[in-house]
Amino acid sequence: MGGRSAPGGRFGLVAIAGAALLLMTAALAAVLLLPGLNGGTTEQTPTGGIAQGDGFACDPGEAAQLFPWLGGVVQIAPDHVARLDLTGATVWSATISMTSPVGTFAGGRLLVVDPGGFSAAVFDASGVVWSTETSAHIDGGTISASGHVALLTDDAGYKGVVDVFAPDGKALFQWMSSETGYVLSAAVDPSGTRLDVSALYTDGAGARPVFRSFTMTGADIAQAQLDPGPALPLIAYDEQGRTVLCGEGEAVCFSQGAKAGETAFRLAADEVRTVLSTAKGLVWVRSATSGTGSIVARFRDGAEGAACLLATTPTVFAALGDRAAVATAGDVTVVDLTKGSASFQRTFGTDVLALGFSDDTHLVVVTRTAVQRIAIS
């Protein structure tokens, strides 16, 4: 399997860049109630007495491993991955061996990787689809709505290595970065036609964000080096399928086709917490310009739409269609993105750890003491 030295290099670089830690919470993908705000529904939720099929009680240790998925939840633990329904019954369970497993969701599939380790596995509604062992430490991984997977590893002598896999687990190609710069993230677009890479070039007078794009056979499509500035570690896709690199202070969208690699638009922002991809446009959560509270808004083709001002800073996020859900501590807010206003609010009796839309009108909420499916309209 090759040498297994301690991981390093890029981790310190990303920390210096100051953006990745805030933004990567979106991979768990994938949000809050304002106390005293007029309108909406606010109520305390008991940890017991949940209607059959609408949720189940759990202890804090178990809750920390649960994430909404396929209308229920999935448990991601170091020794197993299990899909549970909303009664808490196990639909299936698969054995894994990882130290700190991390899950990423897209298109009805789940990718679980072991950062700093060597294992990765893909699951769907029926269980394990495929798994692999890498020869170098895994830095991270993404799964596309198409089912394609990009794994980022820390191979000695390179500034990041990306391995691309087909939906059935077949290895498609490998790209090793040397002159491009330190690879921060990589993802296959939702249509499964290209690999996009965000890197940071540090050999010049100032660090520069770099965008690279490849066909699914590894041929170059586009390359762009931006002006010196902070890293853009999060890759998202807008309503037109274009690649958007996002950082703590801006989002940069790149054209496709004949103008591949050219900048389509760029938006500056204050302290971006995350950017979420939806079919109707990108949704971001960022600090308000005034420095008080947070903004939840959708932007399309370079223009921010109606913005909802929140009094506090959310830590849990989800988005679907015209709605975004955010949570802070035990408070959940659903935002109508077409109006820029809160359409639903609820306070739980304990911290909210994860959120997910099970459909257009329901959320699955994981708190420290329970999993519950709630109606939001």
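Quick note: structure is the one above.
Quick caveat, the model's predicted, so the values are computed rather than measured.

Reading the values: the criteria
Residues numbered from 1 in each chain as written. Predicted model: local features only at pLDDT ≥ 70, side-chain atom pairs only at ≥ 80, totals over all residues. Heavy atoms only, no water. Pairing = 2+ DSSP bridges. Helix = DSSP H or I, 4+ residues; strand = E, 2+ residues; numbered from the N terminus. Axes fitted to C-alpha atoms, helices over the stretch in contact; angles between N-to-C directions. Salt bridge = Lys/Arg side-chain N within 4 Å of Asp/Glu carboxyl O. Buried < 20%, exposed > 50% of the residue type's maximum accessible area, 1.4 Å probe, protein only. Polar contact = N/O pair within 3.5 Å; in protein donor to acceptor, adjacent residues only side chain to side chain. Contact = heavy atoms within 4.5 Å.

Visitor: I'd love a proper account of the sheet that holds strand β29 (residues 341-347), names of residues and values included.
Guide: On the basis of which strands lie adjacent, the open sheet formed by four strands has the order β26-β27-β28-β29 and antiparallel pairing. The sheet is open, and its two borders are formed by β26 (316-320) and β29, each paired with just one other strand. Put simply, the sheet's adjacent strands are angled 15 degrees from each other on average, direction ignored. Sheet topology places strand β28 (residues 331-336) next to β29; six bridges connect them, and they run antiparallel. Note that in β29 the partner of Val 335 across the bridge is Ala 342.

Visitor: Give a description of the sheet that holds strand β31 (residues 362-367) that names residues and reports values.
Guide: Reading across the sheet, the four strands line up as β1-β32-β31-β30 and stay open at both edges, with antiparallel pairing between neighbours. Two strands bound the open sheet, and with one partner strand each, they are β1 (55-57) and β30 (352-359). Each adjacent strand pair in this sheet contributes to an overall mean axis angle of 25 degrees, direction not counted. Two strands pair when backbone bridges link them, and β1 and strand β32 (residues 370-375) are joined in this way by three bridges, in the antiparallel orientation. Bridge pairing links Ala 57 to Ala 370 in β32.

Visitor: Can you break down unusual backbone geometry residue by residue, with the values?
Guide: You will see that Leu 70, though not glycine, has its phi angle at about 55 degrees, which is positive. Inspection of the secondary structure assignment puts Leu 70 in the loop between β2 (66-69) and β3 (72-77). Although it is not a glycine, Ala 329 sits at a positive phi angle of roughly 55 degrees.

Visitor: Go over the pattern of salt bridges with me, naming the residues and quoting the values.
Guide: Should their charged atoms come close, side chains of opposite charge can pair. In the structure shown here, the tally under the stated rule is 12 salt bridges. Look at the salt bridges and you will find they share partners, linking Asp 189, Arg 194 and Asp 196 into a network.

Visitor: So what's going on with the pairing of strand β4 (residues 80-84)? Residues and values would help.
Guide: By the criterion of burial, β4 is predominantly enclosed, with five of the five residues buried. Pairing analysis gives five bridges linking β3 to β4, with the strands arranged antiparallel. Across the sheet, the residue bridging to Gln 75 is Ala 82, located in β4. Once β3 ends, the chain turns through two residues before running back antiparallel as β4.

Visitor: If you had to explain the side chain of Ser 198 to someone new, which residues and values would you point to?
Guide: Here Ser 198 shows up in strand β15 (residues 194-201). The exposure class assigned to Ser 198 is buried, which follows from its relative accessible area of 1%. A polar contact of 2.5 Å, which involves the side chain of Ser 198, links it to the backbone oxygen of Leu 232. Not counting chain neighbours up to four residues away, the residues in contact with Ser 198 comprise Tyr 182, Val 183, Leu 184, Ser 185, Val 210, Leu 232, Pro 233, Ile 235 and Leu 245.

Visitor: Explain the side chain of Ser 144 to me, using residue names and the numbers behind them.
Guide: By secondary structure assignment, the location of Ser 144 is in the loop between β10 (138-143) and β11 (149-153). Of the polar contacts made by the side chain of Ser 144, one reaches the side chain of Ser 146; its length is 3.0 Å. Aside from chain neighbours lying at most four places away, what touches Ser 144 is Ala 106, Val 188, Asp 189 and Pro 190.

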